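# Structural features, examined
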Amino acid sequence: MINSKTSDDSSKAGYNPTPHRIPEGENATPLEVTGSSATDKLVIIMVGLPATGKTHISKRICRYITFFLDIPAQIFNVGDYRREICGAQMPANFYDHKNEEAMAQRQLACNAALDDLIEYMTVDGVRVGVYDATNSTQDRRNYIISTLGKAGIHCKKLFIESICDSQKILDENIRKVKLGTLDYRDCDPEEAVKDFMERRERYKEVYAEVSDADGSYLKIINSRKFIANNIRGYLPLKIVHFIMNLHTLPRTIYLSRHGQSEYNLLGKIGGDSGLSKAGLEYARRLATFCKNEICVEKNIDESTGEEQKNEVPARLWTSTLRRTKETAQFIENGTLTHKWDNGEVAEWLQMRPRQRRNLDELYAGGCDGLTYKEIEQQFPDEFNRRQKDKLAYRYPRGESYMDVILRLEPLAHEMERTREPILIIGHQGIHRIIYAYFMGLSREEAPYVSIPLNTVIQLKPHAYGCDEKRVCLMDKTEMFGDGQDEPVTSMPVSNPEYAKDDPVMNAPSC
């Protein structure tokens with residue numbers, strides 16, 4: 001029975017004596033961004049001969065689910081344990097399965113990695129552990145499953161096997177990845193390749209592909225063909241979908257903010273303004289950079305020693321906002337006949353602009369079009385909340401960086417899938433997330449990454465990290481007009497440090 005006092009109170013505006021409170025607080029983030037859709041732990045066991053991309057796949061999986069799904073993940077690479085126990089640069093006969101002494105040492109490394117994996121998986125909460133090794137025999141795989149079971153690790157297990165029978169891909173993996181590892185550092189390249197191929201043959205002698213007897217598995221063949229068996233559950237299927245976009249080929253991603261906008265000049269955030277005079281000049285220089293750097297492949301002619309340039313297919317993405325589309329307006333869009341790695345010959349529309357709403361700047365909601373000073377004066381509480389937690393803070397009726405991570409997650413699949421060089425003309429907030437993802441930064445670090453105007457950031461992801469290069473196409477001193485209509489120079493300069501903590505080049509965005 002409801003008493004009269006309670007009945008009277010319930011009619012008042014805002015009456016809510018027992019509100020639904022969530023752990024994340026007032027500026028709550030979507031559940032999907034905090035890993036709440038997954039409820040089970042997962043152990044991934046890699047399988048494959050050396051140089052088939054197992055470590056690359058392991059690292060990309062962990063990076064993806066840690067950054068975009070906010071689920072803890074860790075790799076346990078048996079090779080690292082083996083180097084710690086036995087040392088690096090072991091000869092090829094060390095990997096001979098008839099070598100009993102070496103097998104005993106390798107078993108120690110296997111067990112050490114397995115023990116650490118078990119300890120990691122016993123911690124409460126959803127998490128993913130990746131056991132990265134060749135795991136080339138049925139007996140070894142049975143041993144891993146048995147050991148996990150005896151230790152009480154009864155979560156889902158997924159075998160991921162990488163098979164590579166393309167000699168071209170193998171050669172690239174060996175020369176561009178394996179020769180740079182501790183096992184072959186400072187070795188003669190040709191001798192290192194010979195030794196590595198001998199090592200690979202030792203594994204091949206006893207290698208057995210995964211089969212239905214192993215349970216759940218995904219078989220990857222040359223990053224083109226995929227065979228899945230008995231895979232169930234939200235997280236395993238999410239990972240399988242992601243893996244189907246991966247490849248081991250070298251690629252380059254170019255990030256550029258739009259040219260200086262009219263709102264940048266005024267210090268306003270958000271909006272949909274066009275470019276300033278300096279912004280248009282940057283757009284012209286960016287078009288030249290695309291033609292001479294992004295859309296060409298440079299090789300050295302072995303007979304003459306001269307540099308040769310060949311046009312290659314390249315992609316162009318922008319947001320749907322006016323300032324990014326105007327920045328792309330001078331980039332040439334011709335056609336190119338190209339032969340793909342599968343032998344198919346097709347016409348390619350070079351740098352065809354694709355507008356993606358996912359790439360729109362973080363939406364400032366009720367603060368759109370204001371300066372930070374105006375926000376501080378008009379909405380002091382909001383201003384202070386953002387200062388305390390820039391990552392999770394959500395603008396009134398707007399977005400947070402966590403929301404941006406959510407809408408960029410589908411694009412992560414496309415960026416991993418793309419083989420051609422790609423130029424993304426976007427915004428400061430968007431590029432901070434993309435940059436952080438590829439450079440291995442945490443979510444908490446992402447909102448503070450420096451993404452200056454007039455600068456192209458070149459990213460080259462690889463198995464053990466990501467290489468970065470910054471090219472400034474227009475110095476800040478060229479951005480201030482003096483009333484004259486003389487054109488500024490079109491010669492780019494290269495100095496990645498010039499814009500650090502600079503209020504002009506780091507013009508406010510969101």
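Remember, predicted model here, so these are calculated numbers, not experimental data. (Residues numbered from 1 in each chain as written. Predicted model: local features only at pLDDT ≥ 70, side-chain atom pairs only at ≥ 80, totals over all residues. Heavy atoms only, no water.)

Attention shifts here to the pairing of strand 16 (residues 465-472). Strand direction decides the pairing type here: strand 15 (residues 455-462) and strand 16, joined by 8 bridges, are antiparallel. By the bridge assignment, Gln-458 is partnered in strand 16 with Lys-469. (Pairing = 2+ DSSP bridges. Helix = DSSP H or I, 4+ residues; strand = E, 2+ residues; numbered from the N terminus.)

Another aspect to go through is the environment of Arg-106. Tracing the backbone shows Arg-106 in helix 4 (residues 100-121). For the pair formed by Arg-106 and Arg-82, sequence separation is 24 residues and the distance between their alpha carbons is 6.4 Å. If near-sequence neighbours (up to four positions away) are discounted, Arg-106 is found in contact with Phe-94, Tyr-95, Asp-96, His-97 and Tyr-203. (Contact = heavy atoms within 4.5 Å.)

Residues of helix 3 (residues 78-86) that are buried: Val-78, Gly-79, Tyr-81, Arg-82, Arg-83 and Cys-86. Residues of helix 3 that are buried make contact with strand 2 (73-77), helix 4, strand 3 (128-132) and helix 7 (189-204). Residue Asn-77 occupies the N-cap position of helix 3, its side-chain oxygen lying 2.9 Å from the main-chain nitrogen of Gly-79. Directly beyond the C-terminal end of helix 3, a positive phi value near 95 degrees is found at Gly-87. (Buried < 20%, exposed > 50% of the residue type's maximum accessible area, 1.4 Å probe, protein only. Polar contact = N/O pair within 3.5 Å; in protein donor to acceptor, adjacent residues only side chain to side chain.)

Our next topic: the sheet that holds strand 5 (residues 217-221). One key point about sheets: their strands pair by backbone hydrogen bonds, in either a parallel or an antiparallel sense. Read from one edge of the open sheet, 6 strands run 2-3-1-4-5-6, paired in mixed fashion. A single partner strand is all that each edge strand has here, and the edge strands are strand 2 and strand 6 (225-229). Averaged over all pairs of adjacent strands, the angle between their axes in this sheet comes to 15 degrees, without regard to strand direction. Alignment of strand 2 against strand 3, held across 5 bridges, turns out to be parallel. When the sheet's bridge partners are listed, Gln-74 is paired in strand 3 with Gly-129. Across the sheet, helix 8 (residues 234-243) lies against strand 1 (42-47), strand 3, strand 4 (156-163), strand 5 and strand 6, angled at about 35 degrees from strand 1, the strand it touches most. (Axes fitted to C-alpha atoms, helices over the stretch in contact; angles between N-to-C directions.)

Bringing the packing of helix 2 (residues 54-67) against helix 8 into the picture now. It is the contact of helix 2 with helix 8, at a shortest axis distance of 11 Å, that shows an interaxial angle of 120 degrees. With respect to helix 8, the element helix 2 is oriented oblique. As for how helix 2 packs across helix 8, the hand of that crossing is right-handed. Between helix 2 and helix 8, the residues in contact are Arg-60, Ile-61, Tyr-64 and Ile-65 and Lys-238, Ile-239, Phe-242 and Ile-243, respectively. Taken together, the residues of the contact of helix 2 with helix 8 break down into 6 nonpolar, no polar and 2 charged. (Parallel < 35°, antiparallel > 145°, perpendicular 65-115°, else oblique. Left-handed = near helix turned anticlockwise from the far one by under 90°. Nonpolar A, V, L, I, M, F, W, Y, C, P; charged D, E, K, R; others polar.)

As a further point, take the nonpolar core. Ile-44, Leu-408, Ile-424 and Ile-434 are the most contacted members of the largest nonpolar core, which has 63 residues in total. Counting residues per element, this core draws most heavily on helix 14 (residues 401-417), which supplies 8 residues. Those residues within four positions of Ile-44 in sequence are excluded, and the remaining contacts are Ile-61, Val-128, Gly-129, Val-130, Tyr-131, Leu-158, Ile-160 and Ile-239. Counting residues in hydrophobic clusters, the runner-up holds 31 residues, among them Ile-45, Met-121, Ala-133 and Tyr-207. (Core = buried A, V, L, I, M, F, W, Y, C linked by side-chain atoms within 4.5 Å.)

Let us now look at the side chain of Arg-315. Tracing the sequence through the fold places Arg-315 in strand 10 (residues 315-318). Relative accessible area serves as the criterion here: at 16%, Arg-315 is assigned to the buried category. Reaching out from Arg-315, the side chain makes a polar contact with the side chain of Glu-420 at a distance of 2.6 Å. With residues up to four places along the chain from it excluded, the contact list for Arg-315 reads Trp-348, Met-351, Arg-417, Thr-418, Glu-420, Pro-421, Ile-422 and Leu-423.

Spatially, 13-10-14-7-15-16 is the arrangement adopted by the 6 strands of the open sheet, whose pairing is mixed. With partners counted over all chains shown, the strands left at the sheet margins are strand 13 (353-355) and strand 16, one partner each. Each adjacent strand pair in this sheet contributes to an overall mean axis angle of 20 degrees, direction not counted. Both strand 10 and strand 14 (residues 422-426) contribute to a ladder of 4 bridges, which runs parallel. Bridge pairing in strand 14 links Leu-316 to Leu-423. Contacts from helix 10 (residues 277-294) reach strand 7 (253-257), strand 14, strand 15 and strand 16 within the one sheet, and its direction differs from that of strand 7 by about 175 degrees.

Turning our eyes to something else, we now look at helix 10. If you check helix 10, its first and last C-alpha atoms are 24 Å apart, about what 18 residues at 1.5 Å a residue would give, namely 26 Å. Residues of helix 10 that are buried include every one of Ala-278, Gly-279, Glu-281, Tyr-282, Ala-283, Arg-285, Leu-286, Ala-287, Phe-289, Cys-290 and Ile-294, and no others. Contacts made by the buried residues of helix 10 are with strand 7, strand 8 (296-300), helix 11 (322-327), strand 14, strand 15 and strand 16. (Expected span 1.5 Å × (residues − 1).)

Glycine aside, negative phi is the norm for most residues, and most peptide bonds take the trans geometry. Backbone geometry places Gln-89, a non-glycine residue, at a positive phi of 55 degrees. Along the chain, Gln-89 turns up in the loop between helix 3 and helix 4.

A full pass over the atoms with the stated rule returns 0 disulfides. Lacking any disulfide linkage, Cys-295 is separated from the closest cysteine sulfur, that of Cys-290, by 5.8 Å. When its relative accessible area of 7% is taken as the criterion, Cys-295 is described as buried. (Disulfide = S-S within 2.5 Å.)

Okay, the pattern of salt bridges next. Taken as a whole and judged by the stated rule, the model has 27 salt bridges. The salt bridge partner of Lys-291 is Glu-332, with a shortest N-O separation of 3.7 Å. Residue Lys-291 is located in helix 10, and its partner Glu-332 is located in the loop between helix 11 and strand 11 (335-339); the two are separated by 41 residues in the primary sequence. With a relative accessible area of 49%, Lys-291 lands in the partly exposed category. The shortest N-O distance in the salt bridge between Glu-414 and Arg-417 comes to 2.9 Å. One end of the pair, Glu-414, and the other, Arg-417, are both in helix 14, 3 residues apart, so they sit about a helical turn from each other. Arg-417 gets classed as partly exposed once you look at its relative accessible area, which sits at 32%. (Salt bridge = Lys/Arg side-chain N within 4 Å of Asp/Glu carboxyl O.)

What follows is about the packing of aromatic side chains. According to the stated counting rule, one finds 12 aromatic pairs in the structure shown. Ring geometry for Tyr-437 versus Phe-438: centroids 4.9 Å apart, planes at 65 degrees, classification edge-to-face. The same class applies to Tyr-437 as to Phe-438, namely buried. Members of the aromatic cluster, each reached through a chain of ring pairs, are Tyr-64, Phe-67, Phe-68, Phe-242, Tyr-437 and Phe-438. Sitting over the face of the ring of Tyr-437, Arg-60 holds its NZ or CZ atom 5.2 Å from the ring centroid. Positioned above the aromatic ring of Tyr-120 is the side chain of Arg-127, whose terminal nitrogen or guanidinium carbon lies 4.3 Å from the ring centre. (Phe/Tyr/Trp six-rings, centres within 6.5 Å; stacked < 30°, edge-to-face > 60°. Lys NZ or Arg CZ within 6 Å of the ring centre and 35° of its normal.)

Any link to function would need more than the numbers given here.
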